[in-house]
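# Overview (structure and organization)
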Amino acid sequence: MNRRTKKKVKPLFDELRDWLSVANSDHDIKTALERFATRYGFSWFTYLAVNDTNVRGLSNYSLDWQERYLADHLAVIDPILAVARSAKRPFSWSAGSVTPGWTRQQIRFMRDAEAVGIRSGVSIPILDGYGIRAVATFSGSESEIDREIVADEFDLLAIGAYLHAFLARRDDIALHAAKCPLTHSQLECLSWLVQGKNNTDVASIRGISTRAVEYQLQAIRHKLGASTTVQAAAIALDRRWVSL
């Protein structure tokens, strides 16, 4: 039997709650989650909250992988997220398995994950309001995991709900943000909008035409994979490229 299945979820969940109750910083939270993952037999943890293309969360994956995930908008093709969007129960997965219906991009995503050592895991789907889907994942470098790991379904769902309640509304957590792709002028435009100015105000402040402002906002939306300027502003705020 896989060594992970010998660990019951409930006692470890109680420990995790104790650790998080005294966590006062991003570092403390990561340490608590990393300890839980290790005690459960995994190497990594990830919490992701996704609203369309806006992604925020916390993980101890390599900084290179986190940066790539954000910069290349990989949440759009991430097959684990795709499953979590409709799943009602925790599920196990492995990078070496190809599920019927996966696109070439999704297969490549899993192969790329496998190449950096992410080979298997268990994911806990979480549903929130306003179209937000969240997922908590614990993963490791083994090629397969014993599917009995998801037998403690209730406790795993409780862990997901607790982590979401604890992390979702904290403003001090974020994936390691990709390098800002926006130019100084684009950031300036977005910053004024975040301060409550409209396109005409920004044009007047910067001494440019309204059309020029609209062109810059179009470029911003394209670079951030956002469908609206409001969404682009939310992404920039989450990644601390602009501030209120």
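Preceding this section is the structure that the text describes.
Rules of the game
Residues numbered from 1 in each chain as written. Predicted model: local features only at pLDDT ≥ 70, side-chain atom pairs only at ≥ 80, totals over all residues. Heavy atoms only, no water. Helix = DSSP H or I, 4+ residues; strand = E, 2+ residues; numbered from the N terminus. Buried < 20%, exposed > 50% of the residue type's maximum accessible area, 1.4 Å probe, protein only. Axes fitted to C-alpha atoms, helices over the stretch in contact; angles between N-to-C directions. Parallel < 35°, antiparallel > 145°, perpendicular 65-115°, else oblique. Left-handed = near helix turned anticlockwise from the far one by under 90°. Contact = heavy atoms within 4.5 Å. Nonpolar A, V, L, I, M, F, W, Y, C, P; charged D, E, K, R; others polar. Pairing = 2+ DSSP bridges. Arc of directions from axis to C-beta.

Once that is clear, we can look at unusual backbone geometry. Positive phi is not limited to glycine here, since His 73 has a value of about 55°. Relative to the elements of secondary structure, His 73 occurs in the loop between helix 3 (63-71) and helix 4 (79-86). Classification of His 73 as partly exposed rests on a relative accessible area of 26%.

This part takes up the packing of helix 9 (residues 210-224) against helix 10 (residues 229-238). Each pair of packed helices can be described by the angle between their axes along with the distance between the axes. Remark: helix 9 packs on helix 10, axes separated minimally by 9 Å, with the N-to-C direction vectors making an angle of 60°. Compared by their axis directions, helix 9 and helix 10 come out oblique. In this structure, the crossing between helix 9 and helix 10 has a hand that is left-handed. Contacts from Leu 217, Ile 220, Arg 221 and Leu 224 in helix 9 reach Thr 229, Ala 232 and Ile 235 in helix 10. Looking at the contact of helix 9 with helix 10 residue by residue, the class counts come to five nonpolar, one polar and one charged.

Along an α-helix, a turn takes 3.6 residues, which lines up residues three or four apart on a common side. Burial in helix 10 covers these residues: Gln 231, Ala 232, Ala 233, Ile 235 and Ala 236. Of the surrounding secondary structure, the elements contacted by the buried residues of helix 10 are strand 1 (44-51), strand 2 (54-59), helix 7 (184-194) and helix 9. Positive phi shows up at Arg 240, right after helix 10, with a value of about 65°.

Attention now moves to the sheet that holds strand 3 (residues 91-94). Within a sheet, neighbouring strands are paired by backbone hydrogen bonds and run either parallel or antiparallel to one another. Taking strand neighbours across the sheet as the criterion, the five strands line up as 2-1-5-4-3 in an open arrangement whose pairing is antiparallel. The sheet terminates laterally at strand 2 and strand 3, the two strands that pair on one side only. Across the sheet, the axes of successive neighbouring strands diverge by a mean angle of 25°, strand direction being ignored. The pairing of strand 3 with strand 4 (residues 120-127) spans four bridges and is antiparallel. Note on strand 4: the bridge partner recorded for Trp 93 is Gly 121.

Tracing the backbone shows Gln 216 in helix 9. The contacts of Gln 216, once residues within four sequence positions are left out, are Ser 185, Gln 186, Cys 189, Arg 206 and Ile 208.

Time to look at helix 3. By the burial criterion, the buried members of helix 3 are Trp 65, Gln 66, Tyr 69 and Leu 70. The buried residues of helix 3 occupy an angular sector of 130° when projected down its axis, which confines them to one face. Where helix 3 is buried, its residues contact strand 1, strand 2, helix 4 and helix 5 (104-115). Positive phi appears at His 73, one or two residues downstream of helix 3, with a value of about 55°.

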